[in-house]
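Understanding the architecture of this molecule
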Amino acid sequence: MVILLNCAHHLSQRLQKTFVNYGEAMMYSLETCPIAWLRTHAAWGRYTVSFLLIITQLGFCSVYFIFMADNLQQIVEEAHVTSNACKPRKSLALTPILDIRVYMLTILPFLVLLVFIRNLRVLSVFSTLASITTLGSMALIFEYITQEIPDPSNLPLIADWETFLLFFGTAIFTFEGVGMVLPLKNQMKHPQKFSFVLYLGMSLVIILFICLGTLGYMKFGSDTQASIILNLPNCWLYQSVKLIYSIGIFFTYALQFHVPAEIIIPFIVSQVSENWALFADLSIRTALVCLTCVSAIIIPRLDLVIALVGSVSSSALALIIPPLLELITFYPENMSFVTIAKDIMISTLGLLGCIFGIYQALYELIQPTKHSIANSTGVYAHRYPFLFE
């Protein structure tokens, strides 16, 4: 992310522009590239970044569909046995009354109505609500997983190599904000302070992920679900945590949806008359939400969808493209050998992780699964000592 910020800042100064987004940074950089073919096809750099941003953000939205449906299913179908006593779950087994896809379809119309809100100020209110509910839920999750942690000496110290391939995509998935870095900097009152804010925010997020992932795995061991919330006790307190967290994710959906909507909708609206502009806008929004729902219905596996989205597009936007962008942007200005080697190494590792992560996710996807686990996405969750938000 820092590499991307530096490149965008350098290009905006060179071209005397107040702001350049991710796609524009790629295009402007290619326009000054010493390779003639890349200069003549510079616009494709912008199209590629825009396409990856669309795939990434819609992939996040599909993950949110699965996450909300998983929690809603557990809340509804365990309501008759939920009590006031918060005791550890004796079993994660659950015979579903309704297929998880039914819950996805139940959520669909509410999300369609939510994305009809186009005012960023209103969305910022939802963002605040999502942050509050998420922090409250996190506090209660921390409070539970730090109690009576079993002896971790029986847990394996290292996982098999297939797990690391899936973990790569899962970890890179956490870079879900890469598409919002430059727009956020542009909206700041003091953009020059954004680097400090970014470093601070990323440091806090990394600490949070490590603590929750490690403590969660120590607490639940091989029974750790794809979402640790599904491991919480079946009592009203923690069922409310699932509900509150799901509400936070519900509001966050609109924020993640805003990025692809702002890329796709203006182009479509420009192709129709002014009388049809509003209808076209709302139709595209509805179609995109339905697309994320269909994707979740086709692959209702939270762990594998996270790994797949992370490997396919997040790795490209967060690891592969930024170092290449830095090479193209600063190469004419006598870059040091260390910087060139660093960029090549990061892009190469990102490409390898992308290829092998996709392979392993698709391989796991075609394997037969048993649906006796409460979270239908958690069949392979014992492989993840990792917590996603």
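About the thresholds
- Residues numbered from 1 in each chain as written.
- Predicted model: local features only at pLDDT ≥ 70, side-chain atom pairs only at ≥ 80, totals over all residues.
- Heavy atoms only, no water.
- Helix = DSSP H or I, 4+ residues; strand = E, 2+ residues; numbered from the N terminus.
- Rg over C-alpha atoms; globule rule 2.2 N^0.38 Å.
- Buried < 20%, exposed > 50% of the residue type's maximum accessible area, 1.4 Å probe, protein only.
- Contact = heavy atoms within 4.5 Å.
- Areas by Shrake-Rupley, 256 points an atom, 1.4 Å probe, with all protein chains shown as cover.
- Lys, Arg positive; Asp, Glu negative; His and termini not counted.
- Charge placed at Lys NZ, Arg CZ, Asp CG, Glu CD.
- Phe/Tyr/Trp six-rings, centres within 6.5 Å; stacked < 30°, edge-to-face > 60°.
- Lys NZ or Arg CZ within 6 Å of the ring centre and 35° of its normal.
- Core = buried A, V, L, I, M, F, W, Y, C linked by side-chain atoms within 4.5 Å.
- Expected span 1.5 Å × (residues − 1).
- Salt bridge = Lys/Arg side-chain N within 4 Å of Asp/Glu carboxyl O.

With that out of the way, let us pick up the overall build of the chain. A count of helical and extended segments in the chain gives 13 helices and zero strands. Relative to the compact-globule value of 21 Å for 389 residues, the chain shows a C-alpha radius of gyration of 22 Å, a close match. Judged by the C-alpha coordinates and their principal axes, the chain covers about 65 × 55 × 40 Å. Taking all 389 residues of the chain together, 48% fall into the buried category. Across the chain, the fraction of contacts at a sequence separation of at least 24, relative to all contacts at a separation of at least 6, is 83%. Carbon and sulfur atoms make up 69% of the accessible area of the chain, which amounts to about 19,400 Å² in all. In the chain, which carries 20 positive and 22 negative side-chain charges, the distance between the mean positions of the two groups comes to 5 Å.

One pass over the full model with this rule turns up nine aromatic pairs. Between the aromatic rings of tryptophan 44 and tyrosine 47, the centroid separation amounts to 5.4 Å while the plane-to-plane angle is 90°, which identifies the pairing as edge-to-face. Linking tryptophan 44 with tyrosine 47, this pair stays in helix H4 (residues 42–77), spanning three residues, or about one helical turn. Looking at tryptophan 44, the relative accessible area reads 55%, which means it is exposed. Since its relative accessible area comes to 48%, tyrosine 47 is described here as partly exposed. The structure contains a cluster of three or more aromatic residues connected by ring pairs, namely Phe65, Tyr253 and Phe257. Cation over ring: lysine 219 sits above tyrosine 144, and NZ or CZ is 4.7 Å from the ring centre.

Of all hydrophobic cores here, the largest spans 56 residues; its most connected members are Phe65, Leu111, Ile141, Tyr253 and Val289. Within the residue set of this core, elements represented by two or more residues are H4, helix H5 (100–115), helix H6 (120–145), helix H9 (194–220), helix H10 (236–269), helix H11 (277–298) and helix H12 (302–330). Setting aside residues up to four positions removed in sequence, valine 289 forms contacts with Phe65, Leu108, Leu111, Val112, Val115, Tyr253 and Phe257. Among the nonpolar cores identified, the runner-up in size contains 34 residues, and Leu4, Cys7, Ile321 and Leu327 belong to it.

The topology assignment puts alanine 361 in helix H13 (residues 337–366). With relative accessibility at 2%, the residue alanine 361 sits in the buried group. Residues alanine 361 and valine 305, 56 residues apart in the sequence, show an inter-C-alpha distance of 8.1 Å. Excluding anything up to four places from it in sequence, alanine 361 contacts Leu166, Leu304 and Leu308.

A separate point is unusual backbone geometry. Although it is not a glycine, glutamine 16 sits at a positive phi angle of roughly 60°. Note that glutamine 16 resides in the loop between helix H1 (2–14) and helix H2 (22–31). A relative accessible area of 74% means that glutamine 16 is categorised as exposed.

Here we take up H9. For H9, spanning 27 residues, the distance from its first C-alpha to its last is 38 Å, which sits close to the expected 39 Å at 1.5 Å a residue. Against H1, H6 and helix H8 (181–187) lie the buried residues of H9. Positive phi shows up at glycine 221, right after H9, with a value of about 60°.

Attention shifts here to the pattern of salt bridges. The full count for this structure, using the stated rule, is five salt bridges. The salt bridge involving aspartate 99 is made with arginine 101; its shortest N-O contact spans 3.1 Å. With relative accessibility at 39%, the residue aspartate 99 sits in the partly exposed group. Glutamate 326 is the salt-bridge partner of lysine 342, the closest N and O atoms lying 3.2 Å from each other. Residue lysine 342 is found in helix H13, and its partner glutamate 326 is found in helix H12; the two are separated by 16 residues along the sequence. The partly exposed category is assigned to lysine 342, whose relative accessible area is 29%. Each of the salt bridges in this network shares a partner with another, and the network as a whole consists of Arg118, Asp281 and Arg285.

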